[in-house]
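Descriptive structure summary
Each chain, letter by letter, is given below.
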Amino acid sequence: MTEPDLIPVFDGHNDTLLRLYQSKEADVEKLFIEGTPGGHIDLPRAKKGGFAGGMFAIFPPPIEKTKRSAVPPAPSDNEPLPPELPRAEAITSTIGMASILFRLERAGALSVCRSAGDVRDAMAKGSIAAVFHIEGVEAIDPELAMLDVLHAAGLRSLGIVWSRPNAFGNGVPFRFPSSPDTGPGLTDAGKALVKACNQLRIMIDLSHLNEKGFRDVAALSDAPLVATHSNVHAICGHSRNLTDWQLGAIRESGGMVGLNFATGFLREDGRMNADTGLDIMVRHIDSLLQALGEDGVGLGSDFDGAMIPAVIGDVAGLPKLIDALAARGFGRALIEKIAYRNWLSVLERTIG
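Residues numbered from 1 in each chain as written. Predicted model: local features only at pLDDT ≥ 70, side-chain atom pairs only at ≥ 80, totals over all residues. Heavy atoms only, no water.

The chain goes by Membrane dipeptidase in an unreviewed UniProt entry, where it is assigned to Mesorhizobium shonense.

1. Overview of the packing of helix H9 (residues 244-253) against helix H11 (residues 278-292)
A packed helix pair is summarised by two numbers, namely the angle formed by the two axes and the spacing between the axes. Relative orientation of the contacting elements H9 and H11 amounts to 55°, with a least axis distance of 9 Å. On the basis of their axis angle, the class for H9 and H11 is oblique. Residues Leu247, Ile250 and Arg251 of H9 lie in contact with H11, whose contacting residues are Leu288, Gln290, Ala291 and Leu292. Within the contact of H9 with H11, the residues separate by chemical class into five nonpolar, one polar and one charged. (Axes fitted to C-alpha atoms, helices over the stretch in contact; angles between N-to-C directions. Helix = DSSP H or I, 4+ residues; strand = E, 2+ residues; numbered from the N terminus. Parallel < 35°, antiparallel > 145°, perpendicular 65-115°, else oblique. Contact = heavy atoms within 4.5 Å. Nonpolar A, V, L, I, M, F, W, Y, C, P; charged D, E, K, R; others polar.)

2. Considerations on the pairing of strand E1 (residues 9-14)
The side chains of a regular strand alternate, first on one face of the sheet and then on the other. Counting buried positions over the six residues of E1 gives six, a clear majority of the element. Direction of pairing for E1 relative to strand E2 (residues 51-58): parallel, over a ladder of four bridges. Note that in E2 the partner of Asp11 across the bridge is Gly54. (Buried < 20%, exposed > 50% of the residue type's maximum accessible area, 1.4 Å probe, protein only. Pairing = 2+ DSSP bridges.)

3. As for the side chain of Arg164
One can find Arg164 in the loop between strand E5 (157-159) and helix H7 (188-200). Polar contacts involving the side chain of Arg164 include one to the side chain of Glu138, which spans 2.8 Å. In this structure Arg164 touches Phe59, Pro60, Pro61, Pro62, Leu81, Pro82, Pro83, Leu85, Glu138, Gly169, Asn170 and Gly171, once residues within four positions along its chain are discounted. (Polar contact = N/O pair within 3.5 Å; in protein donor to acceptor, adjacent residues only side chain to side chain.)

4. A few points about unusual backbone geometry
The residue after Phe176, namely Pro177, is reached through a cis peptide bond having omega -10°. The topology assignment puts Pro177 in the loop between E5 and H7. Positive phi values are uncommon outside glycine, yet Lys24 reaches one of about 60°. Of note in this structure, Asp302 is not a glycine but carries a positive phi near 70°. Following the sequence through the fold, Asp302 ends up in the loop between strand E9 (297-299) and helix H12 (318-327).

5. With respect to the packing of aromatic side chains
Both the distance between ring centres and the angle between the ring planes are used here to describe each pair of aromatic rings. Inspection of every chain in the model, using the stated rule, returns seven aromatic pairs. Taken together, a centroid distance of 6.0 Å and an interplanar angle of 80° make the contact between Phe102 and Phe132 edge-to-face. On the criterion of sequence distance, the pair formed by Phe102 in helix H4 (residues 87-106) and Phe132 in strand E4 (residues 129-135) is long-range, its members being 30 residues apart. Of the two residues, Phe102 and Phe132, neither departs from the other in class, the shared state being buried. (Phe/Tyr/Trp six-rings, centres within 6.5 Å; stacked < 30°, edge-to-face > 60°.)

6. What about helix H8 (residues 211-220)?
In an α-helix, one turn spans 3.6 residues; hence positions three or four apart end up facing the same way. Looking at H8, one finds that the buried residues are Glu211, Gly213, Phe214, Asp216 and Val217. Buried residues along H8 sit against H7, strand E6 (203-205) and H9.

7. Comments concerning the packing of helix H1 (residues 16-23) against H4
Their axes nearest at 9 Å, the elements H1 and H4 cross at an angle of 105°. Classified by the interaxial angle, the pair formed by H1 and H4 is roughly perpendicular. The segment H1 lies against H4, with Leu17, Leu18, Leu20 and Tyr21 engaging Thr92, Ser93, Gly96, Met97, Ile100, Leu101 and Leu104. Here the contact of H1 with H4 is composed, by residue class, of eight nonpolar, three polar and no charged.

8. Here's the deal with the environment of Leu186
Relative to the elements of secondary structure, Leu186 occurs in the loop between E5 and H7. Taking relative accessible area as the criterion, Leu186 reaches 7% and is therefore assigned buried. The spacing of Leu186 and Gly352 is 166 residues in sequence and 26 Å in space, taken between C-alpha atoms. Dropping the residues within four chain positions of it, Leu186 is found in contact with Ile160, Phe168, Gly169, Lys191, Val194, Leu209, Gly213, Asp216 and Val217.

9. Let's talk about the environment of Leu225
With respect to the secondary-structure elements, Leu225 resides in the loop between H8 and strand E7 (226-227). Linking Leu225 and Arg251, residues 26 residues apart in sequence, is a C-alpha distance of 8.1 Å. In contact with Leu225, other than residues within four places in its own chain, are Leu206, Phe214, Val217, Ala218, Ala249, Ile250, Ser253, Gly255 and Met256.

10. With respect to the side chain of Ser111
By the secondary structure assignment, Ser111 is in strand E3 (residues 111-112). Accessibility expressed as a relative area gives 12% for Ser111, which makes it buried.

This is the structure we're talking about:
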(Lines give C-alpha, C1' and ligand atoms only; values in the text may rest on other atoms or scores of the structure.)
Protein backbone atom coordinates (compact mmCIF):
# COMPACT_ATOMS: atom_id res chain seq x y z
CA MET A 1 0.00 0.00 0.00
CA THR A 2 2.63 2.54 1.00
CA GLU A 3 5.07 4.07 -1.44
CA PRO A 4 8.52 2.44 -1.14
CA ASP A 5 10.29 5.54 0.20
CA LEU A 6 7.65 6.40 2.83
CA ILE A 7 7.64 5.41 6.48
CA PRO A 8 4.32 3.59 6.90
CA VAL A 9 1.77 5.08 9.29
CA PHE A 10 -0.66 3.04 11.38
CA ASP A 11 -3.20 5.52 12.72
CA GLY A 12 -5.15 5.27 15.95
CA HIS A 13 -8.44 6.74 14.77
CA ASN A 14 -10.41 7.77 11.71
CA ASP A 15 -14.11 8.35 10.99
CA THR A 16 -14.02 7.38 7.32
CA LEU A 17 -16.77 4.76 7.71
CA LEU A 18 -19.12 7.44 9.06
CA ARG A 19 -18.34 9.71 6.11
CA LEU A 20 -19.06 6.91 3.65
CA TYR A 21 -22.22 5.92 5.54
CA GLN A 22 -23.55 9.46 5.53
CA SER A 23 -22.77 9.87 1.84
CA LYS A 24 -25.80 7.63 1.10
CA GLU A 25 -23.97 6.42 -2.02
CA ALA A 26 -24.88 2.92 -3.19
CA ASP A 27 -21.35 2.08 -4.35
CA VAL A 28 -19.13 3.30 -1.51
CA GLU A 29 -16.53 0.72 -2.48
CA LYS A 30 -15.99 2.48 -5.80
CA LEU A 31 -15.85 5.85 -4.05
CA PHE A 32 -13.14 4.64 -1.70
CA ILE A 33 -11.11 2.72 -4.27
CA GLU A 34 -11.17 5.34 -7.03
CA GLY A 35 -11.01 8.38 -4.76
CA THR A 36 -13.50 10.84 -3.34
CA PRO A 37 -13.66 14.59 -3.95
CA GLY A 38 -13.89 15.40 -0.24
CA GLY A 39 -13.00 13.95 3.11
CA HIS A 40 -9.61 12.80 4.28
CA ILE A 41 -9.08 9.12 3.40
CA ASP A 42 -9.48 7.08 0.24
CA LEU A 43 -7.27 4.50 -1.42
CA PRO A 44 -5.30 6.76 -3.80
CA ARG A 45 -4.52 9.31 -1.09
CA ALA A 46 -3.71 6.60 1.45
CA LYS A 47 -1.10 5.17 -0.91
CA LYS A 48 0.36 8.62 -1.53
CA GLY A 49 0.64 9.38 2.18
CA GLY A 50 2.03 6.06 3.38
CA PHE A 51 -1.14 5.20 5.30
CA ALA A 52 -0.79 1.53 6.22
CA GLY A 53 -3.93 1.18 8.31
CA GLY A 54 -5.49 2.00 11.63
CA MET A 55 -8.54 1.83 13.84
CA PHE A 56 -11.54 2.36 11.59
CA ALA A 57 -14.13 3.82 13.92
CA ILE A 58 -17.85 3.16 13.84
CA PHE A 59 -19.39 6.24 15.47
CA PRO A 60 -23.19 6.27 15.89
CA PRO A 61 -23.98 9.91 15.04
CA PRO A 62 -26.56 12.03 16.86
CA ILE A 63 -30.04 11.74 15.35
CA GLU A 64 -30.94 14.55 12.96
CA LYS A 65 -33.13 16.54 15.32
CA THR A 66 -30.32 16.77 17.90
CA LYS A 67 -27.35 16.88 15.54
CA ARG A 68 -24.66 19.39 16.49
CA SER A 69 -21.07 19.95 15.54
CA ALA A 70 -18.63 17.62 17.26
CA VAL A 71 -16.78 20.71 18.45
CA PRO A 72 -18.43 24.08 19.17
CA PRO A 73 -17.64 26.74 16.54
CA ALA A 74 -15.83 28.76 19.20
CA PRO A 75 -14.30 27.73 22.55
CA SER A 76 -16.90 27.43 25.30
CA ASP A 77 -16.44 26.61 28.96
CA ASN A 78 -20.09 25.60 29.49
CA GLU A 79 -20.85 23.51 26.38
CA PRO A 80 -23.50 20.95 27.37
CA LEU A 81 -23.26 17.26 26.67
CA PRO A 82 -25.20 16.11 23.63
CA PRO A 83 -28.24 14.01 24.63
CA GLU A 84 -28.19 10.25 24.89
CA LEU A 85 -28.74 8.33 21.67
CA PRO A 86 -31.61 5.81 21.54
CA ARG A 87 -30.27 2.28 21.17
CA ALA A 88 -32.39 1.56 18.10
CA GLU A 89 -30.76 4.49 16.27
CA ALA A 90 -27.31 3.31 17.32
CA ILE A 91 -27.92 -0.26 16.17
CA THR A 92 -28.99 0.92 12.73
CA SER A 93 -25.93 3.09 12.15
CA THR A 94 -23.47 0.67 13.78
CA ILE A 95 -24.58 -2.24 11.59
CA GLY A 96 -24.65 0.04 8.54
CA MET A 97 -21.05 1.13 9.03
CA ALA A 98 -19.88 -2.39 9.85
CA SER A 99 -21.44 -3.50 6.58
CA ILE A 100 -19.44 -0.85 4.71
CA LEU A 101 -16.24 -2.05 6.39
CA PHE A 102 -16.82 -5.64 5.23
CA ARG A 103 -17.91 -4.53 1.77
CA LEU A 104 -14.62 -2.64 1.43
CA GLU A 105 -12.79 -5.80 2.43
CA ARG A 106 -14.66 -7.90 -0.15
CA ALA A 107 -13.79 -5.32 -2.79
CA GLY A 108 -10.09 -5.67 -1.95
CA ALA A 109 -9.75 -2.14 -0.59
CA LEU A 110 -8.54 -3.19 2.87
CA SER A 111 -8.12 -6.14 5.23
CA VAL A 112 -10.13 -6.40 8.46
CA CYS A 113 -7.60 -7.40 11.11
CA ARG A 114 -8.48 -9.39 14.22
CA SER A 115 -4.98 -9.62 15.72
CA ALA A 116 -1.66 -7.82 15.65
CA GLY A 117 -0.41 -10.63 13.44
CA ASP A 118 -3.18 -9.84 10.95
CA VAL A 119 -2.05 -6.20 10.94
CA ARG A 120 1.54 -7.20 10.23
CA ASP A 121 0.44 -9.56 7.46
CA ALA A 122 -1.76 -6.89 5.83
CA MET A 123 1.06 -4.34 5.95
CA ALA A 124 3.49 -6.86 4.48
CA LYS A 125 1.24 -7.51 1.49
CA GLY A 126 0.45 -3.83 0.96
CA SER A 127 -3.19 -3.93 2.06
CA ILE A 128 -4.69 -1.32 4.39
CA ALA A 129 -4.86 -2.94 7.84
CA ALA A 130 -8.24 -2.00 9.33
CA VAL A 131 -9.08 -2.73 12.96
CA PHE A 132 -12.84 -2.80 13.64
CA HIS A 133 -13.39 -0.14 16.33
CA ILE A 134 -16.55 1.35 17.86
CA GLU A 135 -16.60 4.88 19.29
CA GLY A 136 -19.54 5.02 21.70
CA VAL A 137 -21.20 1.68 22.43
CA GLU A 138 -24.83 2.75 22.38
CA ALA A 139 -25.63 -0.23 20.16
CA ILE A 140 -24.52 -2.65 22.88
CA ASP A 141 -27.08 -3.77 25.46
CA PRO A 142 -26.24 -3.71 29.20
CA GLU A 143 -26.46 -7.52 29.19
CA LEU A 144 -23.62 -7.53 26.60
CA ALA A 145 -25.25 -9.95 24.17
CA MET A 146 -24.48 -7.59 21.28
CA LEU A 147 -20.85 -7.42 22.41
CA ASP A 148 -20.48 -11.15 21.74
CA VAL A 149 -22.02 -10.77 18.29
CA LEU A 150 -19.83 -7.80 17.35
CA HIS A 151 -16.71 -9.51 18.67
CA ALA A 152 -17.48 -12.58 16.56
CA ALA A 153 -17.82 -10.26 13.55
CA GLY A 154 -14.37 -8.80 14.19
CA LEU A 155 -14.71 -6.01 16.79
CA ARG A 156 -11.34 -5.63 18.51
CA SER A 157 -11.38 -2.11 19.95
CA LEU A 158 -13.99 0.17 21.49
CA GLY A 159 -14.41 3.49 23.19
CA ILE A 160 -17.05 3.07 25.90
CA VAL A 161 -18.41 6.55 25.23
CA TRP A 162 -18.33 9.34 22.73
CA SER A 163 -18.84 12.79 24.25
CA ARG A 164 -22.31 12.03 25.63
CA PRO A 165 -23.78 9.79 28.34
CA ASN A 166 -24.88 6.23 27.71
CA ALA A 167 -25.81 3.13 29.71
CA PHE A 168 -22.15 2.48 30.53
CA GLY A 169 -20.64 5.86 31.43
CA ASN A 170 -20.23 9.52 30.60
CA GLY A 171 -18.15 11.27 27.99
CA VAL A 172 -16.58 14.67 28.39
CA PRO A 173 -18.40 17.65 26.87
CA PHE A 174 -16.49 19.74 24.32
CA ARG A 175 -15.47 22.44 26.80
CA PHE A 176 -12.52 24.78 26.71
CA PRO A 177 -11.04 25.57 29.11
CA SER A 178 -12.09 22.64 31.25
CA SER A 179 -10.72 19.69 33.13
CA PRO A 180 -11.99 16.23 32.16
CA ASP A 181 -13.60 15.92 35.62
CA THR A 182 -17.11 16.56 34.35
CA GLY A 183 -19.40 13.87 35.72
CA PRO A 184 -19.85 10.48 37.38
CA GLY A 185 -17.85 7.36 36.67
CA LEU A 186 -18.82 4.12 35.00
CA THR A 187 -22.14 2.49 35.76
CA ASP A 188 -22.28 -1.11 36.96
CA ALA A 189 -22.89 -2.08 33.32
CA GLY A 190 -19.81 -0.09 32.32
CA LYS A 191 -17.67 -1.90 34.85
CA ALA A 192 -18.97 -5.24 33.58
CA LEU A 193 -18.13 -4.12 30.03
CA VAL A 194 -14.51 -3.42 31.01
CA LYS A 195 -14.14 -6.92 32.46
CA ALA A 196 -15.77 -8.48 29.40
CA CYS A 197 -13.43 -6.59 27.07
CA ASN A 198 -10.44 -7.89 29.02
CA GLN A 199 -11.74 -11.45 28.71
CA LEU A 200 -12.44 -11.11 24.98
CA ARG A 201 -9.21 -9.17 24.34
CA ILE A 202 -10.98 -6.08 23.05
CA MET A 203 -8.88 -2.94 23.46
CA ILE A 204 -10.53 -0.15 25.48
CA ASP A 205 -10.13 3.42 24.18
CA LEU A 206 -10.21 6.15 26.84
CA SER A 207 -10.24 9.15 24.50
CA HIS A 208 -13.74 10.54 25.16
CA LEU A 209 -14.17 9.26 28.72
CA ASN A 210 -14.42 11.62 31.66
CA GLU A 211 -11.99 11.59 34.58
CA LYS A 212 -13.98 9.41 36.98
CA GLY A 213 -14.68 6.90 34.21
CA PHE A 214 -10.98 6.88 33.36
CA ARG A 215 -10.16 6.11 36.99
CA ASP A 216 -12.66 3.25 36.96
CA VAL A 217 -11.11 1.69 33.86
CA ALA A 218 -7.61 2.11 35.30
CA ALA A 219 -8.70 0.34 38.50
CA LEU A 220 -10.54 -2.50 36.76
CA SER A 221 -8.64 -3.26 33.57
CA ASP A 222 -5.68 -5.63 33.35
CA ALA A 223 -4.75 -4.35 29.87
CA PRO A 224 -2.57 -1.39 28.86
CA LEU A 225 -4.47 1.91 29.06
CA VAL A 226 -4.88 3.48 25.62
CA ALA A 227 -6.20 6.82 24.38
CA THR A 228 -6.31 6.45 20.61
CA HIS A 229 -6.81 10.13 19.75
CA SER A 230 -6.07 12.59 22.56
CA ASN A 231 -3.59 15.35 23.31
CA VAL A 232 -1.85 17.09 26.23
CA HIS A 233 -4.06 19.10 28.59
CA ALA A 234 -1.09 21.15 29.86
CA ILE A 235 -0.69 22.59 26.32
CA CYS A 236 -4.36 22.81 25.30
CA GLY A 237 -6.70 22.91 28.30
CA HIS A 238 -9.59 21.14 26.60
CA SER A 239 -11.72 18.61 28.46
CA ARG A 240 -10.86 16.09 25.71
CA ASN A 241 -7.16 16.21 26.52
CA LEU A 242 -5.17 14.22 29.06
CA THR A 243 -3.95 15.62 32.36
CA ASP A 244 -0.61 14.81 33.95
CA TRP A 245 -2.02 12.13 36.26
CA GLN A 246 -3.85 10.45 33.35
CA LEU A 247 -0.65 10.36 31.31
CA GLY A 248 1.12 8.91 34.35
CA ALA A 249 -1.48 6.15 34.68
CA ILE A 250 -1.13 5.31 30.99
CA ARG A 251 2.64 5.10 31.28
CA GLU A 252 2.46 2.92 34.40
CA SER A 253 0.20 0.46 32.55
CA GLY A 254 2.49 0.24 29.51
CA GLY A 255 -0.16 1.94 27.37
CA MET A 256 -0.03 4.68 24.78
CA VAL A 257 -1.62 7.80 23.31
CA GLY A 258 -2.24 8.68 19.66
CA LEU A 259 -1.82 12.35 18.75
CA ASN A 260 -5.14 13.87 17.66
CA PHE A 261 -4.82 16.21 14.66
CA ALA A 262 -8.02 18.13 15.51
CA THR A 263 -6.98 21.78 15.71
CA GLY A 264 -9.30 22.53 18.64
CA PHE A 265 -7.42 19.96 20.74
CA LEU A 266 -3.98 21.14 19.58
CA ARG A 267 -4.04 24.92 19.87
CA GLU A 268 -3.42 26.79 23.10
CA ASP A 269 -6.49 28.93 22.35
CA GLY A 270 -8.71 25.89 21.80
CA ARG A 271 -9.97 27.18 18.46
CA MET A 272 -10.92 25.23 15.37
CA ASN A 273 -8.65 26.93 12.88
CA ALA A 274 -7.17 25.15 9.89
CA ASP A 275 -4.36 27.71 9.86
CA THR A 276 -2.51 25.68 12.49
CA GLY A 277 1.15 24.83 12.02
CA LEU A 278 3.06 21.59 12.38
CA ASP A 279 5.03 23.12 15.25
CA ILE A 280 2.18 22.72 17.74
CA MET A 281 1.74 19.09 16.70
CA VAL A 282 5.43 18.44 17.28
CA ARG A 283 5.18 20.22 20.64
CA HIS A 284 2.41 17.84 21.77
CA ILE A 285 4.47 14.86 20.59
CA ASP A 286 7.49 16.16 22.53
CA SER A 287 5.36 16.48 25.65
CA LEU A 288 3.84 13.02 25.18
CA LEU A 289 7.31 11.55 24.80
CA GLN A 290 8.41 13.19 28.05
CA ALA A 291 5.33 11.85 29.85
CA LEU A 292 5.09 8.39 28.30
CA GLY A 293 8.52 7.51 26.94
CA GLU A 294 9.43 6.45 23.42
CA ASP A 295 7.20 3.37 23.52
CA GLY A 296 4.02 5.22 24.49
CA VAL A 297 3.37 7.65 21.63
CA GLY A 298 1.65 7.19 18.29
CA LEU A 299 -0.65 9.01 15.91
CA GLY A 300 -4.46 9.16 16.15
CA SER A 301 -5.40 11.62 13.45
CA ASP A 302 -9.22 11.80 13.72
CA PHE A 303 -9.26 11.98 9.90
CA ASP A 304 -12.78 12.45 8.53
CA GLY A 305 -13.96 13.44 12.01
CA ALA A 306 -12.35 16.81 12.69
CA MET A 307 -10.86 19.99 11.29
CA ILE A 308 -7.17 19.25 10.86
CA PRO A 309 -4.30 21.60 9.99
CA ALA A 310 -4.44 22.75 6.37
CA VAL A 311 -0.73 22.08 6.04
CA ILE A 312 -1.55 18.36 6.28
CA GLY A 313 -4.89 18.58 4.49
CA ASP A 314 -5.70 14.87 4.33
CA VAL A 315 -4.06 11.47 4.58
CA ALA A 316 -1.75 12.27 1.66
CA GLY A 317 -0.16 14.94 3.87
CA LEU A 318 1.13 12.51 6.52
CA PRO A 319 4.73 12.70 5.20
CA LYS A 320 4.79 16.40 6.12
CA LEU A 321 4.40 15.51 9.80
CA ILE A 322 7.02 12.77 9.46
CA ASP A 323 9.38 15.31 7.89
CA ALA A 324 8.67 17.77 10.72
CA LEU A 325 9.66 15.13 13.28
CA ALA A 326 12.89 14.47 11.38
CA ALA A 327 13.58 18.22 11.25
CA ARG A 328 13.06 18.33 15.03
CA GLY A 329 15.93 15.86 15.34
CA PHE A 330 14.01 12.62 15.81
CA GLY A 331 15.96 9.65 14.46
CA ARG A 332 14.39 7.14 12.10
CA ALA A 333 14.01 4.50 14.83
CA LEU A 334 11.96 6.86 17.01
CA ILE A 335 9.90 8.09 14.05
CA GLU A 336 9.08 4.50 13.13
CA LYS A 337 7.93 3.85 16.71
CA ILE A 338 5.61 6.86 16.59
CA ALA A 339 4.42 6.10 13.05
CA TYR A 340 3.51 2.43 13.51
CA ARG A 341 5.69 0.25 15.71
CA ASN A 342 4.19 1.38 19.04
CA TRP A 343 0.68 0.66 17.79
CA LEU A 344 1.73 -2.83 16.71
CA SER A 345 3.21 -3.40 20.15
CA VAL A 346 0.15 -2.27 22.10
CA LEU A 347 -2.16 -4.24 19.82
CA GLU A 348 -0.02 -7.32 20.47
CA ARG A 349 -0.60 -6.78 24.20
CA THR A 350 -4.31 -6.02 23.99
CA ILE A 351 -6.06 -7.82 21.14
CA GLY A 352 -3.37 -10.51 20.84
